Amino acid sequence: AYLWTPPQSKSFVPGIGNETTCNIQGFVLPIFGAGGASLFYNASLALYYLLVVKYNWKQRDLKKIEKWLHIVPFVPYTIFSIIGAALDSFN
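Parameters and conventions
Residues numbered from 1 in each chain as written. Predicted model: local features only at pLDDT ≥ 70, side-chain atom pairs only at ≥ 80, totals over all residues. Heavy atoms only, no water. Helix = DSSP H or I, 4+ residues; strand = E, 2+ residues; numbered from the N terminus. Contact = heavy atoms within 4.5 Å. Phe/Tyr/Trp six-rings, centres within 6.5 Å; stacked < 30°, edge-to-face > 60°. Buried < 20%, exposed > 50% of the residue type's maximum accessible area, 1.4 Å probe, protein only.

## Examining the side chain of S44
In step 1: Along the chain, S44 falls in helix α2 (residues 37-54).
In step 2: If we ignore the near neighbours within four places in the chain, the residues touching S44 are L69 and P73.

The structure is reproduced here in structure tokens:
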């Protein structure tokens, strides 16, 4: 699903956005979109439940890795988006 539509053009008729909305969408979707970091965050949640249910990890054990389960999925995609914005590769 698109957050904003791309700029209006002859090649994409229903476009009602502008260049800025297209750039914002290009920056945000890899981080929060269905094909980006959300897949890896889902894997982090699966790992969390595996450790709790199958291996009986307690809260004190989970505290050691909990921040990494939140950080690791988003860092690479945030870096990719920043590089893409710096290189003006959106739109």
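Read on for the rest.
## A closer look at the packing of aromatic side chains
In step 1: Counting across every chain of the model gives five aromatic pairs.
In step 2: Ring geometry for F32 and F74: centres 6.1 Å apart, planes at 45 degrees, overall tilted. Highlighted residues: F32 in helix α1 (residues 19-32) and F74 in the loop between α4 (66-71) and α5 (75-86), separated in sequence by 42 residues.
In step 3: With relative accessibility at 60%, the residue F32 sits in the exposed group.
In step 4: Arranged with centres 5.2 Å apart and planes meeting at 85 degrees, the rings of Y48 and Y49 form a pair that is edge-to-face.
In step 5: Look at Y48 and you get partly exposed, because its relative accessible area is 26%.
In step 6: In this structure an aromatic cluster arises from ring pairing among F32, Y41 and F74.

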